[in-house]
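Below are the chains, spelled out letter by letter.
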Amino acid sequence: MNFLRGVMGGQSAGPQHTEAETIQKLCDRVASSTLLDDRRNAVRALKSLSKKYRLEVGIQAMEHLIHVLQTDRSDSEIIGYALDTLYNIISNDEEEEVEENSTRQSEDLGSQFTEIFIKQQENVTLLLSLLEEFDFHVRWPGVKLLTSLLKQLGPQVQQIILVSPMGVSRLMDLLADSREVIRNDGVLLLQALTRSNGAIQKIVAFENAFERLLDIITEEGNSDGGIVVEDCLILLQNLLKNNNSNQNFFKEGSYIQRMKPWFDVGDENSGWSAQKVTNLHVMLQLVRVLVSPTNPPGATSSCQKAMFQCGLLQQLCTILMATGVPADILTETINTVSEVIRGYQVNQDYFASVNAPSNPPRPAIVVLLMSMVNERQPFVLRCAVLYCFQCFLYKNQKGQGEIVSTLLPSTIDATGNSVSAGQLLCGGLFSTDSLSNWCAAVALAHALQENATQKEQLLRVQLATSIGNPPVSLLQQCTNILSQGSKIQTRVGLLMLLCTWLSNCPIAVTHFLHNSANVPFLTGQIAENLGEEEQLVQGLCALLLGISIYFNDNSLESYMKEKLKQLIEKRIGKENFIEKLGFISKHELYSRASQKPQPNFPSPEYMIFDHEFTKLVKELEGVITKAIYKSSEEDKKEEEVKKTLEQHDSIVTHYKNMIREQDLQLEELKQQISTLKCQNEQLQTAVTQQVSQIQQHKDQYNLLKVQLGKDNPHQGSYSDATQMNGIQPEEVGRLREEIEELKSNQERLQSQLAEKDSLIENLKSSQSSPGTNEQSSATASAQDSEQIAELKQELAALKSQLNSQSVEITKLQTEKQELLQKTETFAKPAPLPGESEVGTATKTDVEGRLSALLQETKELKNEIKALSEERTAIKEQLDASNSTIAILQNEKNKLEVDVTDSKKEQDDLLVLLADQDQKIFSLKNKLKEPGNPVEEEDELESGDQDDEEDEDEDDGKDQSHI
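A short tour of the structure in this document, coming up. (Residues numbered from 1 in each chain as written. Predicted model: local features only at pLDDT ≥ 70, side-chain atom pairs only at ≥ 80, totals over all residues. Heavy atoms only, no water.)

When its secondary structure is counted, the protein shows 42 helices and six strands. Taking all 962 residues of the protein together, the buried fraction comes to 45%. In the protein, once contacts between residues fewer than 6 apart in sequence are set aside, the share between residues at least 24 apart is 73%. Working note: accessible area of the protein is about 49500 Å², and carbon and sulfur atoms make up 49% of it. (Helix = DSSP H or I, 4+ residues; strand = E, 2+ residues; numbered from the N terminus. Buried < 20%, exposed > 50% of the residue type's maximum accessible area, 1.4 Å probe, protein only. Contact = heavy atoms within 4.5 Å. Areas by Shrake-Rupley, 256 points an atom, 1.4 Å probe, with all protein chains shown as cover.)

What follows deals with the environment of F613. Relative to the elements of secondary structure, F613 occurs in helix 36 (residues 611-629). Expressed as a C-alpha distance, the spacing of F613 and M496, which sit 117 residues apart in the sequence, is 7.0 Å. Dropping the residues within four chain positions of it, F613 is found in contact with M496, C499, T500, L540 and L543.

So, about the packing of aromatic side chains. The description of an aromatic ring pair rests on the distance of the ring centres and on the angle between the ring planes. Scanning the entire structure with this criterion turns up twelve aromatic pairs. Pairing W262 with F263 gives two aromatic rings, centres 6.4 Å apart and planes at 55 degrees, and the pair type is tilted. Neither W262 nor F263 differs from the other in exposure class; each is buried. Where F308 meets Y350, the ring centres are 5.8 Å apart and the plane angle is 65 degrees; that geometry is what we call edge-to-face. (Phe/Tyr/Trp six-rings, centres within 6.5 Å; stacked < 30°, edge-to-face > 60°.)

All right, on to the pattern of salt bridges then. Oppositely charged side chains are able to pair whenever their charged atoms sit close together. Per the stated rule, a full pass over the model turns up 21 salt bridges. Here D72 makes a salt bridge to R39, at a shortest N to O gap of 3.1 Å. Here the residue D72 occupies a position in the loop between helix 4 (54-71) and helix 5 (76-90), and R39 occupies one in helix 3 (residues 36-50), the gap between them amounting to 33 residues. Both residues of the pair, D72 and R39, belong to the buried class. (Salt bridge = Lys/Arg side-chain N within 4 Å of Asp/Glu carboxyl O.)

Here we come to helix 3. The end-to-end C-alpha distance of helix 3 is 21 Å, a good match for the 21 Å that 15 residues give at a rise of 1.5 Å each. The complete set of buried residues in helix 3 reads R39, R40, A42, V43, L46, L49 and S50. (Expected span 1.5 Å × (residues − 1).)

On to the environment of P602, then. Following the sequence through the fold, P602 ends up in the loop between helix 35 (588-593) and helix 36. For P602, a relative accessible area of 54% gives the class exposed. Setting aside residues no more than four positions away along its own chain, P602 makes contact with F379 and R592.

Its place among the elements puts T22 in helix 2 (residues 13-32). Residue class for T22 comes out partly exposed when judged on its relative accessible area of 32%. Spatially, the C-alpha atom of T22 lies 9.3 Å from that of L46, the residues being 24 residues apart in sequence.

Attention now goes to unusual backbone geometry. A cis amide bond links N359 to the next residue, P360, at an omega of 0 degrees. Its identity is not glycine, yet N222 carries a phi of approximately 55 degrees, on the positive side. Turning to its location among the elements, N222 is positioned in the loop between helix 13 (209-219) and helix 14 (227-240). Of note in this structure, E450 is not a glycine but carries a positive phi near 55 degrees. Mapped onto the elements of the fold, E450 is located in the loop between helix 25 (434-448) and helix 26 (452-458).

Quick look at the packing of helix 18 (residues 312-321) against helix 19 (residues 327-341) now. Between two packed helices, what matters for the description is the angle formed by their axes and the separation of those axes. Closest axis-to-axis distance for the helix 18/helix 19 pair is 9 Å, and the angle between their directions is 145 degrees. Of the two elements, helix 18 crosses helix 19, and the hand of that crossing is left-handed. Residue-level contacts link L313, L316, C317, I319 and L320 of helix 18 to L330, T333, I334, T336, V337, V340 and I341 of helix 19. When grouped by side-chain class, the residues that make up the contact of helix 18 with helix 19 number ten nonpolar, two polar and no charged. (Axes fitted to C-alpha atoms, helices over the stretch in contact; angles between N-to-C directions. Left-handed = near helix turned anticlockwise from the far one by under 90°. Nonpolar A, V, L, I, M, F, W, Y, C, P; charged D, E, K, R; others polar.)

Here's what the structure looks like:
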């Protein structure tokens, strides 16, 4: 109790003792009461005391409250009271009526009680399970309690939730709650949960958090929504910032497209509430998170591409050129557009085409540069415009050329109706405002960054200083202003421009040294002992002089490398020069500028260094130091080595070009060979198909031949002597003999009545078989005609295919001759220029490669020869096919002649049979005239073979009667 009295300062001991006893009694009731109502009333009383007597309730009741959460889960009311009491104990949000000197101690209570609560990890797991309850009186206080725990000891609670089964998934269900207060507090809970924990951020993202949060933002009205939209945006920032996995998931899920409606703000001058400004500010920051220069280049470029394709960049440019936009939103929009276009050519080209809605329309770049060089514009806005211009030119040689071209004499508008970007930069470079000087110099330096062509082009720029005086070059004007002793910010900007301009450009160095006043000015600046403010200028002058030495091509005799180094040694001293050079990287603002590309300065006087320039200093500081300490002999050796290397490089380049050309020729030959192989395979396939078709025709021909010679059985004994395609010659001769015998024995018919039945039966068969024979012959001839027609069509198709293939073979032979000619030409090596002794080894290697290429060409010749032999074989096969077709044609003609002869014989036989039938009919009539009964044909046909004896007896009677 003494401890409690010490903590609760400002309260009398009596009341404190009374409340402590009351709290103790309530805790006893919670622990010992068997009735749920008693426990519920006791917990409710503890809840009412927990705000005012936070320490006492926390110390005495926390354990009992946790026990209630474990045992009384069936009663939502007591669970709700217990959660509210724990929240009051742990949370520091409630106002406490305590003295100022105990405020910090009171705030520490939350952390202490949180540590006690999470010491048993089961308590956090229990709390997570309670959040599954749908009852409002349980879920809402549970959400608030867990949020408070995360605010007090976030990393420890995050780790417990991370290892808890389905812990994060349970919390994600809060976003789907239909009750807005729980959903909104759930967003706050997830904010605290995802802060600075990449593992939990990934789990939350893959639990469909992006979809739910974007739905909430849309439901709340996007940028016009309330604080709920802001909370969702902050949660999205937590999930995406510095988390490459989630950024990629966000892009792959097409969620960037859903950001476009956020920026559909129109062109209204009203309706910009404080909450809307805040929402849009966070939305713009969220876009920048996805395209930050610190992200991996591939991820940034893919997001930039998606933002252009979905129209998000166009929407941002619309805000950029709109009227009535608040200044902070306009500034952040410029910064956002800067990073959306930085280093991505497509977006940079689009930004160059954007025009402001003015009359006449002006490019957006020109309008922004006008703001940058206007000293009446806000400082942060001018910094944003400079950053936008730098991002537009970053790795954009096309844009750099367009900016420099506006300064060249041939492109300047003589009428003066429009102001170009280059004119604005020159105007800012020579204005009286030092900040405009610095911004214009840095912007112009970015137009020359890593672009030797534009550095040389900028040397052509001439400026008219005053009426009557001749124009001076831009380079000369910069050095003139530098020597006039302007403000430090102006001189630093001009020196950074000159250092960027002269680096890696010997022609610019020559132009700079051609002005005899420049070197004495630089040496004078470096040699003087000035104050700390001037030390930075001295360091930059030393850097500029070092660049003039390192990139000097010794084209000016008075300012050759060796003479300049001697001048430094005499007037400055090498050690002093290197010391002054080191002032740059030791400056306090140097490291700040080197951290990130965006020029983010609290005030104008801090704008000293540019991010890209710090990279140049880091690159050149070491090499200039080495160049200063090198002797003249080392320089000569280095020059000789450079010349030798240049000659060597020229030889190697020549061989490389030759090898590249030969590689191209080889590729063409390989492609032609592959084409010939494909054509050869196609021809072989066609020949195979033709051979198979010829074999089919042979089989059909043999089948037809067999069918023409095969017997076709019919009913009766006479039908056995006939065939499907006619009667055999032996049978025809026999029939003729019988007919002759009938003619000769006509007058003796009465004496040969014994042979009547057999003769009548033969005549009957002869009478019935002609019809059948005629029908079968007609059917067979129709089939033969159809098959012969099909054979003719197939033979015609074969002939056309063979003709087309012969044309293709002729074409292939022509291409083969061309290939052989190319190969022979390619095999002849071109004469090589004179080689230096230094490049002998490389030449040997290249000659070895050439010999290998010649060997490969020889192999290609062999392949072509093999293809030619294959084509010859194919041609022989085609000739054999043609001969086979000719043989088939002859056989087909013979077959047609045989069929014609067979038809003629059938017709003659039919005529003979008709005559025979007529004669038999006349014989029957003659037999009937004497009165002799003659049986009808149908009676004979219906007679059984068993009655042959009776028929013989009847015949005998007839004979005796006659």
